Number of protein chains: 2
Amino acid sequence: MITALDHIAVAVPNLEKAIQRFCEDFGLPLDGTEDVEAAKTSTAFIPLPPTNIELVHPLNGEGPIAKYLEKRGGGLHHLCFRSDDIYADVERLKAKGYAFITDAPSPGAHNSLTIFIHPKSCDGILVELNQPADEH
Amino acid sequence: MITALDHIAVAVPNLEKAIQRFCEDFGLPLDGTEDVEAAKTSTAFIPLPPTNIELVHPLNGEGPIAKYLEKRGGGLHHLCFRSDDIYADVERLKAKGYAFITDAPSPGAHNSLTIFIHPKSCDGILVELNQPADEH
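Each chain has its residues counted from 1, following the order in which its sequence is written. The order in which chains are written sets their letters, starting at A; the order in which ligands are written sets their numbers, starting at 1. The predicted nature of this model means local features are confined to residues of pLDDT at least 70 and side-chain atom pairs, given and counted, to a pLDDT of 80 or more, with totals for whole chains, interfaces and linings taken over all residues. Only hydrogens and water are set aside; all other atoms, that is, all heavy atoms of the structure, feed into the side-chain values.

Draft legend 1. Focus on helix α3 (residues 86-95) of chain B. A simple rule labels every residue: compare its accessible area, found with a 1.4 Å probe on the protein chains alone, to the largest value its type can have, and call it buried under 20%, exposed over 50%, or partly exposed in between. The numbering of helices and of strands both runs from the N terminus, where a helix is a DSSP run of H or I of at least 4 residues and a strand a run of E of at least 2. Within α3(B), the full set of buried residues consists of B:Ile86, B:Asp89, B:Val90 and B:Leu93. End-on view of α3(B): buried residues confined to an arc of 100°, all on one side of the axis. When the buried face of α3(B) is taken as reference, the exposed residues oriented beyond 90 degrees from it are B:Glu91 and B:Ala95. Residues count as neighbours in contact if any of their non-hydrogen atoms are within 4.5 Å of one another. The secondary structure elements touched by the buried residues of α3(B) are α1 (15-25) of chain A together with β1 (2-11), β5 (75-83), β7 (113-117) and β8 (127-131) of chain B. One or two residues past the end of α3(B) sits B:Gly97, with phi positive at roughly 105°. Directions drawn from the helix axis to the C-beta atoms are what define this arc.

Now the structure itself:
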């Protein structure tokens, strides 16, 4: 089942400027940055427990965030819900008719498991499901 | 100063279907719905303390959400940060060069004060600042 809103991902054209905006200008905390090879992003983590804002920028100019920025500029990219049993949630939602971008969950950041529901199944919203490493 | 992520607003073309998706299919809680005249929305509240997801649908087919749905279909509409002194935050951010959609905060839902930063000042992201009624 889905247990929490893990993060809100914001696609940003300039990571340093976005960190300045959210952390210096808006006064939110920063919990470091990380290159997430699996997602092809450079990501800055803004902890707002129990959720996070993640500022995502293309790693080496490639990947899905690069395509999003090209097409739409920066913006709110996706919501990620935490699951305590991602395989069961995927099966349950597939049975309800939800389409997923990939067939099965795959490794994400920090050895988590991750999968995206297709926006066409969510009225245009991109939704990620993620199960942390210590829960699978 | 900004003290919290108040909510994430999701524009939805069909409120009943969206409630079914988020609450029945995803298993998230529902804290009722409300017609918010000031924002011209019918809104469903999904509490994920200390933040919320708000599913927003045009009230009587009018207002900014109607225009957004026409242009882009459903999607992640805006982030709202809570402020403990919205006038001071607006002045501070204006001094840093931020543009706002209106000149000054105006009454929002539940007698709060609300204002939106222009997306052109936030790399395409629409950001609301909101000060609850009991804090002004």
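Draft legend 2. The pattern of salt bridges, seen in detail. Any Lys or Arg side-chain nitrogen found within 4 Å of a carboxyl oxygen on Asp or Glu counts as a salt bridge. Counted according to the given criterion, the structure contains 8 salt bridges over all chains. A salt bridge links A:Asp25 to B:Lys96, with the shortest nitrogen-to-oxygen separation between them at 3.5 Å. Of the two residues, A:Asp25 sits in helix α1 while B:Lys96 sits in the loop between α3 and β6 (106-107), which places them in two different chains. Measuring nitrogen to oxygen at the nearest pair gives 2.8 Å for the salt bridge that ties B:Arg82 to B:Asp6. Here B:Arg82, found in strand β5, pairs with B:Asp6, found in strand β1; they are 76 residues apart in sequence, far enough to count as distant. When its relative accessible area of 14% is taken as the criterion, B:Asp6 is described as buried.

Draft legend 3. Structural detail: the sheet that holds β5(B). Residues and elements named next belong to chain B. When DSSP finds at least two bridges between two strands, those strands are taken to pair. Strands sit in the order β2-β3-β4-β1-β5-β8-β7-β6 across an open sheet of 8 strands; the sheet is mixed. Both edges of this open sheet fall to β2 (33-36) and β6, since each of them pairs with a single strand only. When β6 meets β7, the two strands line up antiparallel, connected through 2 bridges. When the sheet's bridge partners are listed, Ser106 is paired in β7 with Thr114. Orientation is described by axes fitted as lines to C-alpha atoms, over the contacting stretch for helices, and by angles from 0 to 180 degrees between their N-to-C directions. Contacting β2, β3 (41-48) and β4 (51-58), helix α1 (residues 15-25) crosses the sheet at an angle of about 155° to β4.

Draft legend 4. Examining unusual backbone geometry more closely. Residues and elements named next belong to chain A. A cis amide bond links Pro49 to the next residue, Pro50, at an omega of 5°. Positioned with a positive phi, Lys40 is a non-glycine residue whose angle comes to about 55°. Structurally, Lys40 can be placed in the loop between β2 (33-36) and β3 (41-48).

Draft legend 5. Region of interest: a negative patch on the surface. All names here are of chain A. The grouping of Asp84, Asp85, Asp134 and Glu135 at the surface amounts to a negative patch. Assignment of secondary structure puts Asp134 in the segment after β8 (127-131). By relative accessible area, Asp134 is classed as exposed at 67%. Patch membership requires more than 30% relative accessible area and the absence of a salt bridge. Residues of like charge join within 9 Å; the nonpolar side chains Val, Leu, Ile, Met, Phe, Trp and Tyr join within 5 Å. Using a 1.4 Å probe, accessible areas were evaluated by the Shrake-Rupley method; residue-level cover was limited to the displayed protein chains. His is not counted, nor are the chain ends; Lys and Arg add positive charge and Asp and Glu add negative charge. Charged side chains are reduced to one point each, which is NZ for Lys, CZ for Arg, CG for Asp and CD for Glu.

Don't take any of this as a statement about function, it's just geometry.
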